[in-house]
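# Overview (structure and organization)
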Amino acid sequence: MRLAVSVLTFSLCFTGLNTFVRAGENPPAPPAYDAAGGATTPAAAPAGTAPATQPVRVPDLNGDWCGSWQSCTNGHKGPMRASFCRLCDGNYEVTFSGRFCKLIPFRYKTTLTVTGHSDGVVYLSGSQNLGPLFGTFSYNAWANDCQFVSGYCSKKDQGQFVLSR
């Protein structure tokens, strides 16, 4: 019964966030890149001709973000900030900081892997072990130029981060 309640809580908590790349799903196929390094995607072409390519806009997440986190398991919530730094391989090193129970600060760094993108949206995933007390947290997220939304889960908790800039 506890598992059914947890699954129900998790799905209710993420209603409307159907752009997550969930475990077991395939992320959108990454586009091809042209000679200048710009992303391209096939466009519809008349039968018998080669498809043309259109540039795909991929948002740059570098910089500072702010917002909040909320647990769907226990209702805890608090402020959160993040600093994104794009790595040479195209993924992001992200430093998250915030408060738990209004008083207890936290700060940790993780790498979020770009799993795909569509025009104006990038999909990311990652995980970070936060020690024996909190365990490993896994993330699936999407972001555009001004919003970052991530679901997180661990052995004892699940919830979401919602950040903007």
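Use the structure listed above.
Everything numeric here is computed off the predicted structure, so don't read it as measured data. (Residues numbered from 1 in each chain as written. Predicted model: local features only at pLDDT ≥ 70, side-chain atom pairs only at ≥ 80, totals over all residues. Heavy atoms only, no water.)

## What about the overall build of the chain?
Assigned secondary structure in the chain consists of one helix and 11 strands. Along its sequence from the N terminus, the chain presents helices and strands in the succession α-β-β-β-β-β-β-β-β-β-β-β. Within the span of the chain, comprising 165 residues, buried residues form 33% of the whole. In the chain, 37% of the contacts between residues at least 6 apart in sequence involve partners at least 24 apart. (Helix = DSSP H or I, 4+ residues; strand = E, 2+ residues; numbered from the N terminus. Buried < 20%, exposed > 50% of the residue type's maximum accessible area, 1.4 Å probe, protein only. Contact = heavy atoms within 4.5 Å.)

## Section: the nonpolar core
Membership of the largest hydrophobic core comes to 21 residues, with the highest contact counts inside it found for Leu 61, Phe 84, Phe 96, Leu 112, Leu 124, Phe 148 and Phe 161. At the level of secondary structure, the elements contributing two or more residues to this core comprise β4 (63-71), β5 (77-86), β6 (92-100), β7 (104-118), β8 (121-129), β9 (136-143), β10 (147-153) and β11 (158-164). Contacts of Leu 112, omitting those with residues within four sequence positions, involve Phe 84, Asn 91, Tyr 92, Val 94, Phe 96, Leu 124, Ser 125, Gly 126, Tyr 139 and Phe 148. (Core = buried A, V, L, I, M, F, W, Y, C linked by side-chain atoms within 4.5 Å.)

## Focus on unusual backbone geometry
A negative phi holds for most residues other than glycine; trans holds for most peptide bonds. The phi angle at Cys 101 is positive, at roughly 55 degrees, despite the residue not being glycine. Among the structural elements, Cys 101 can be located in the loop between β6 and β7. In this structure Cys 101 comes out as partly exposed when scored by relative accessible area, which is 41%. Positive phi, close to 65 degrees, is recorded for Lys 102, a residue that is not glycine. Here Lys 102 is to be found in the loop between β6 and β7.

## Considerations on the sheet that holds β11
Pairing is antiparallel in the closed barrel, where eight strands are placed in the order β4-β5-β6-β7-β8-β9-β10-β11. When the angles between neighbouring strand axes are averaged without regard to direction, this sheet yields 25 degrees. Sheet analysis places β8 next to β9, joined by eight bridges and oriented antiparallel. Among the inter-strand pairings, Ser 125 is bridged to a residue of β9, identified as Asn 140. (Pairing = 2+ DSSP bridges. Axes fitted to C-alpha atoms, helices over the stretch in contact; angles between N-to-C directions.)

## Considerations on the layout of surface pockets
Put simply, the largest pocket is a space of about 500 Å³. Lining the largest pocket are 21 residues, with Phe 100, Leu 130, Phe 134, Phe 137 and Asp 157 positioned closest to its centre. Breaking the lining of the largest pocket down by element, the ones donating at least two residues are β4, β7 and β9. In terms of residue count, β7 provides more of the lining of the largest pocket than any other element does, five residues in total. Within the lining of the largest pocket, the residues separate by chemical class into 14 nonpolar, four polar and three charged. (1 Å grid on protein atoms, 1.4 Å probe; cavity = no way out; pocket = protein on both sides within 12 Å on 5 of 7 lines; lining within 4 Å. Points joined across faces, edges and corners; volume = space filled by probe spheres on them. Nonpolar A, V, L, I, M, F, W, Y, C, P; charged D, E, K, R; others polar.)

## Considering the side chain of Asn 91
In this structure, Asn 91 sits in the loop between β5 and β6. At 2.8 Å, the side chain of Asn 91 forms a polar contact with the backbone nitrogen of Val 114. The contact partners of Asn 91, leaving out residues within four places of it in the chain, are Cys 85, Arg 86, Thr 111, Leu 112, Thr 113 and Val 114. (Polar contact = N/O pair within 3.5 Å; in protein donor to acceptor, adjacent residues only side chain to side chain.)

## Things to note about the pattern of salt bridges
When the charged atoms of two side chains with opposite charge come close together, those side chains can pair. Scanning the model with the defined rule gives two salt bridges in all. Measuring nitrogen to oxygen at the nearest pair gives 4.0 Å for the salt bridge that ties Lys 109 to Glu 93. Within this pair, whereas Lys 109 is found in strand β7, its partner Glu 93 is found in strand β6, the two being separated by 16 residues in sequence. Residue Lys 109 is classed as partly exposed on the basis of its relative accessible area of 46%. (Salt bridge = Lys/Arg side-chain N within 4 Å of Asp/Glu carboxyl O.)

## Structural notes on the packing of aromatic side chains
Per the counting criterion, the structure on display carries 13 aromatic pairs. Judged by centre distance (5.5 Å) and plane angle (55 degrees), the rings of Trp 65 and Phe 84 are tilted. On the criterion of sequence distance, the pair formed by Trp 65 in strand β4 and Phe 84 in strand β5 is long-range, its members being 19 residues apart. Between Phe 96 and Phe 161, the aromatic rings sit 5.2 Å apart at their centres with planes inclined by 50 degrees, giving tilted as the arrangement. Here Phe 161 lies in strand β11 and Phe 96 lies in strand β6, a separation of 65 residues in the sequence. (Phe/Tyr/Trp six-rings, centres within 6.5 Å; stacked < 30°, edge-to-face > 60°.)

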